[in-house]
Amino acid sequence: MPPSDRFFMDPALIKAYQETDYIVHARPDFVLHIDQPSAALAAWYAHQRTAAACVITAWNPLSQSLSDAENQARQSRLEQELQQAGWHWLPALGAHPHNGWPPEVGCFVEGMGEEAAREWGRRHGQNAVVWCGEDAIPRLLMRR
């Protein structure tokens, strides 16, 4: 495999992603946890008549801390691009319960398939996105 195709991520960073609370601002709000079935997500799927969703952010690309102004500008671009592409999304927030990393604003995108979610994550410089399939279990999709 050529060096440009290799991707290594610190296991501690992966663990932090896995421990993060992914809060979806729906009515009512619900929280997603990696690799844990979500009854709230399943109910949301049934109500929305969909079977996939993802949480994506443009904040802190490749987990490199940027200023709030830079992050907000990046997030605004993501939101505009999603809207222009016809995606329906709700506000979301990724917040680790105890590691001190500031919460990151994101989008919970309805109906986005696995490959599209991975591509949107790459496009916005993310190590991973949270993707939820028909089984309503949130999973990390790592950058490849």
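Refer to the preceding data block for the structure.
Residues numbered from 1 in each chain as written. Predicted model: local features only at pLDDT ≥ 70, side-chain atom pairs only at ≥ 80, totals over all residues. Heavy atoms only, no water.

Break down empty space enclosed by the protein for me, citing the residues and quoting the values.
One pass over the full model with this rule turns up 1 cavity of 30 Å³ or more. A volume near 30 Å³ is recorded for the largest cavity. Lining the largest cavity are R118, G121, R122, Q126, N127, A128, V129, L141, M142 and R143. Within the residue set of the lining of the largest cavity, elements represented by two or more residues are α4 (114-123), β6 (128-132) and β7 (138-142). Element by element, the count of residues in the lining of the largest cavity is highest for α4, at 3 residues. Of the residues contributing to the lining of the largest cavity, the split by class is 4 nonpolar, 3 polar and 3 charged. (1 Å grid on protein atoms, 1.4 Å probe; cavity = no way out; pocket = protein on both sides within 12 Å on 5 of 7 lines; lining within 4 Å. Points joined across faces, edges and corners; volume = space filled by probe spheres on them. Helix = DSSP H or I, 4+ residues; strand = E, 2+ residues; numbered from the N terminus. Nonpolar A, V, L, I, M, F, W, Y, C, P; charged D, E, K, R; others polar.)

Would you mind going over the nonpolar core in detail, with residue names and values included?
Within the largest apolar cluster, 21 residues are counted, with the highest numbers of intra-cluster contacts made by Y22, F30, L32, L41, W44 and F108. Elements supplying a minimum of two residues to this core: β1 (21-24), β2 (30-32), α2 (39-48), β3 (53-56), β4 (89-95) and β6. With sequence-adjacent residues up to four places away left out, Y22 is seen in contact with Y17, F30, V31, L32, I34, V55, L93, G94, V130 and L140. Residues I56, C107, V129 and L141 belong to the second largest nonpolar core, which totals 14 residues. (Core = buried A, V, L, I, M, F, W, Y, C linked by side-chain atoms within 4.5 Å. Buried < 20%, exposed > 50% of the residue type's maximum accessible area, 1.4 Å probe, protein only. Contact = heavy atoms within 4.5 Å.)

Mind laying out α4, listing which residues take part and the relevant values?
Since the α-helix advances by 3.6 residues per turn, residues separated by three or four positions end up pointing in the same direction. The set of residues buried in α4 consists of A117, R118, W120 and G121. Across the axial projection of α4, the buried residues extend over an arc of 165 degrees, all falling on one side. Along its buried surface, α4 packs onto β3, α3 (68-84), β6 and β7. Just past α4, the residue G125 takes up positive phi, approximately 75 degrees. (Arc of directions from axis to C-beta.)

Account for α3, naming residues and giving values.
Here α3 is 17 residues long and its end C-alpha atoms lie 24 Å apart, about the 24 Å a rise of 1.5 Å per residue gives. Taken residue by residue, α3 has N71, R74, Q75, L78 and L82 as its buried positions. One face of α3 carries all of its buried residues, which in axial projection span an arc of 100 degrees. Exposed residues pointing more than 90 degrees away from the buried face of α3 are listed as A69, Q83 and Q84. Just downstream of α3 lies G86, where phi reads positive at about 90 degrees. (Expected span 1.5 Å × (residues − 1).)

Kindly report on the pattern of salt bridges, identifying the contributing residues and their values.
According to the stated counting rule, one finds 5 salt bridges in the structure shown. Put simply, R118 and E114 hold a salt bridge, and the shortest N to O gap is 3.5 Å. Here R118 and its partner E114 are both found in helix α4, 4 residues apart, which amounts to about one turn of the helix. With a relative accessible area of 33%, E114 lands in the partly exposed category. For the salt bridge of E115 with R118, the shortest nitrogen-to-oxygen distance reads 3.9 Å. Of the two residues, E115 and R118 are both situated in helix α4; the distance of 3 residues between them amounts to about one turn of the helix. Assessed through its relative accessible area of 46%, E115 is described here as partly exposed. Each member of the salt-bridge network shares a partner with another, and the members are E114, E115 and R118. (Salt bridge = Lys/Arg side-chain N within 4 Å of Asp/Glu carboxyl O.)

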